[in-house]
Amino acid sequence: MIPRLDISFPIRRQWQYWFGKQYEPQQCEYLLNHARSGIILALRASLPNGGRVGVVAYNCHTIANAVVNAGCMPVFIDVTDELKIDVASISADLDAIVVTNLFGIRNNISVIREKCPNAIIIVDNAHGYGLPAEGDFSVYSINQGKFPALGEGGILVVNNKLSVIRQKIDEMYAVLPRYGLVAQCKLFAQMWAKAVAYSKICYWFVRMLKKNTNPRAHEQVVLKQMAPGIRRLYKAWLPAAENEIAKQKQNAEALNQKLAIINHTCTTGDNAFMLIAKTQDPAALQTWFANHGIETATHFAHAIDWATEFGYIPGSCPNAERLIKELLMIPTYKRK
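Computed from a predicted model, the values in this text were never measured in an experiment.

Topic: the overall build of the protein
Reasoning step 1: On a plain count of helices and strands, the protein comes out with twelve helices and ten strands.
Reasoning step 2: Seen along its three principal axes, the alpha-carbon backbone of the protein occupies a region of about 55 × 50 × 35 Å.
Reasoning step 3: Counting the 336 residues in the protein, one finds 55% classified as buried.
Reasoning step 4: Sequence-distant contacts in the protein: of pairs separated by 6 or more residues, those separated by 24 or more amount to 69%.
Reasoning step 5: As displayed, the protein has an accessible area near 15,200 Å², and 55% of this comes from carbon and sulfur atoms.
Reasoning step 6: Taking the average location of the 36 positive side-chain charges in the protein and that of its 27 negative ones, the two points are 9 Å from each other.

Now the structure itself:
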């Protein structure tokens with residue numbers, strides 16, 4: 001069974017984790033332990049006294065949780081059938097908006113800026129590696145399960161030209177905890193163990209033991225600088241970036257052709273992070289893929305439950321609530 005998420009950590013990367021060259025950040029880049037850490041830094045620098053921050057209702061709980069950890073209040077926004085922000089549903093009085101490019105599907109930042117000209121815009125590219133840095137800030141993820149799947153890491157790109165904001169981020173970043181040798185060894189062991197559990201041989205057993213639990217939405221986020229070992233992995237991976245995106249696109253096209261046989265068509269983002277199949281019977285399509293050795297699932301299945309914990313009123317974002325029941329996510333990463 002091919003897992004829905006890429007939780008890999010091959011031998012060559014284990015070597016590079018300890019002995020490769022470290023990636024040096026580009027101008028206005030900050031290397032962190034998670035993309036959510038970048039969102040928190042951006043909000044704390046831009047809205048030191050808090051504020052109302054728009055977030056997409058169909059999303060991971062970590063986004064709204066990051067907003068709360070930054071001392072702000074999440075305000076939920078609906079999505080269109082194309083999984084883009086429903087601009088018409090954006091409140092014009094927002095202080096900031098986290099624009100999530102779900103599954104690498106790019107939003108039109110200019111249109112969002114027109115609706116909220118004074119709002120800070122943070123573009124969440126956790127699914128959108130390879131998409132341009134837009135808005136006032138952009139964040140990217142290289143955690144296991146993302147693309148690239150390198151273990152633990154996020155990148156914050158500051159596009160805002162205000163020197164006072166950059167200075168605040170510089171000051172906060174400089175005092176963030178760093179990984180020592182013991183912490184790195186622990187992180188290495190966790191990544192290696194998870195990769196073994198998600199290997200083709202072991203994953204059959206893991207799936208039988210897994211429980212479909214709803215993770216806690218509220219949690220304290222510990223901000224850290226990116227581990228040196230992850231920086232080495234990222235440096236080693238970069239030369240193959242375009243080639244690996246191309247492989248994902250080829251896989252997506254091959255899957256689309258198979259789906260045409262059973263009268264299903266899919267959409268995907270610019271980097272083909274996952275295929276998105278819209279279906280009235282997700283269970284039947286899941287079974288079809290399972291019979292072909294591919295795990296699929298509804299992504300963010302608990303999105304509305306999570307949002308409710310942060311003050312969402314059921315019925316406020318009807319399209320998001322409907323799409324959660326109709327969308328099935330299909331893996332496209334290169335192992336296929």
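The rest of the description comes next.
A closer look at the packing of helix H2 (residues 35-46) against helix H5 (residues 163-174)
Reasoning step 1: Where H2 contacts H5, the two axes come as close as 9 Å, and the packing angle between them is 130°. Taken together, H2 and H5 sit at an angle that is classed as oblique. As for the relative orientation of H2 and H5, their crossing is right-handed in sense. When H2 is examined against H5, the residues Leu-41, Ala-42, Arg-44, Ala-45 and Ser-46 are found in contact with a partner set consisting of Ile-165, Lys-168, Ile-169 and Met-172.
Reasoning step 2: The residue inventory of the contact of H2 with H5, partitioned by class, reads six nonpolar, one polar and two charged.

Re the packing of aromatic side chains
Reasoning step 1: Summed over all chains, the structure comprises 19 aromatic pairs.
Reasoning step 2: Plain terms: the ring middles of Phe-9 and Tyr-17 are 6.3 Å apart, the flat faces sit at 90° to each other, and that makes the pair edge-to-face.
Reasoning step 3: Judged by relative accessible area, which is 0%, Tyr-17 ranks as buried.
Reasoning step 4: Seen from their ring centres, Tyr-129 and Tyr-140 are 6.4 Å apart, and the 75° between their planes marks the pair as edge-to-face. Remark: Tyr-140 occurs in strand E6 (residues 137-141) and Tyr-129 occurs in the loop between strand E5 (120-125) and E6; sequence separation between them is eleven residues. For the pair Tyr-129 and Tyr-140, one class covers both residues: buried.
Reasoning step 5: Taken together, the ring pairs in this structure connect Tyr-23, Tyr-129, Tyr-140, Phe-147, Tyr-234 and Trp-237 into an aromatic cluster.
Reasoning step 6: Its guanidinium or amino end placed over the ring of Tyr-179, Lys-224 lies 4.4 Å from that ring's centre, counting from NZ or CZ.

Observations concerning the nonpolar core
Reasoning step 1: Formed by 96 residues in total, the largest nonpolar core has its most connected members in Tyr-58, Ile-97, Phe-103 and Leu-156.
Reasoning step 2: With seven residues, the single largest contributor to this core is H2.
Reasoning step 3: With residues up to four places along the chain from it excluded, the contact list for Ile-97 reads Val-53, Gly-54, Ile-77, Ile-85, Ile-90, Ile-112, Cys-116, Ala-119, Ile-120, Ile-121 and Ile-122.
Reasoning step 4: Counting residues in hydrophobic clusters, the runner-up holds 14 residues, among them Ile-2, Ala-252, Leu-328 and Ile-330.

Considerations on the pairing of strand E2 (residues 52-56)
Reasoning step 1: Of all five residues in E2, four are buried, a share of seventy percent or more.
Reasoning step 2: Note that E2 and strand E4 (residues 96-100) share two bridges and pair parallel. Pairing of Val-53 across the sheet is with Ala-96, part of E4.

As for empty space enclosed by the protein
Reasoning step 1: As enumerated under the stated definition, the model contains two cavities of 30 Å³ or more in all.
Reasoning step 2: As a volume, the largest cavity reaches approximately 70 Å³.
Reasoning step 3: If you trace the largest cavity, you find it lined by Arg-4, Leu-5, Asp-6, Gly-145, Lys-146, Phe-147, Gln-248, Phe-273, Met-274, Pro-331, Thr-332 and Tyr-333.
Reasoning step 4: Among the residues forming the lining of the largest cavity, the class breakdown is six nonpolar, three polar and three charged.
Reasoning step 5: Approximately 60 Å³ is the volume attributed to the second largest cavity.
Reasoning step 6: What lines the second largest cavity is Val-55, Val-56, Ala-57, Asn-59, Cys-60, His-61, Ala-64, Phe-76, Ala-303, Trp-306 and Ala-307.
Reasoning step 7: Of all the secondary-structure elements, those providing two or more residues to the lining of the second largest cavity are E2, helix H3 (61-69) and helix H11 (303-309).
Reasoning step 8: The element contributing the most residues to the lining of the second largest cavity is H11, with three residues.
Reasoning step 9: Grouping the constituent residues of the lining of the second largest cavity by class yields nine nonpolar, two polar and no charged.

Scoring rules and cut-offs
Residues numbered from 1 in each chain as written. Predicted model: local features only at pLDDT ≥ 70, side-chain atom pairs only at ≥ 80, totals over all residues. Heavy atoms only, no water. Helix = DSSP H or I, 4+ residues; strand = E, 2+ residues; numbered from the N terminus. Buried < 20%, exposed > 50% of the residue type's maximum accessible area, 1.4 Å probe, protein only. Contact = heavy atoms within 4.5 Å. Areas by Shrake-Rupley, 256 points an atom, 1.4 Å probe, with all protein chains shown as cover. Lys, Arg positive; Asp, Glu negative; His and termini not counted. Charge placed at Lys NZ, Arg CZ, Asp CG, Glu CD. Axes fitted to C-alpha atoms, helices over the stretch in contact; angles between N-to-C directions. Parallel < 35°, antiparallel > 145°, perpendicular 65-115°, else oblique. Left-handed = near helix turned anticlockwise from the far one by under 90°. Nonpolar A, V, L, I, M, F, W, Y, C, P; charged D, E, K, R; others polar. Phe/Tyr/Trp six-rings, centres within 6.5 Å; stacked < 30°, edge-to-face > 60°. Lys NZ or Arg CZ within 6 Å of the ring centre and 35° of its normal. Core = buried A, V, L, I, M, F, W, Y, C linked by side-chain atoms within 4.5 Å. Pairing = 2+ DSSP bridges. 1 Å grid on protein atoms, 1.4 Å probe; cavity = no way out; pocket = protein on both sides within 12 Å on 5 of 7 lines; lining within 4 Å. Points joined across faces, edges and corners; volume = space filled by probe spheres on them.

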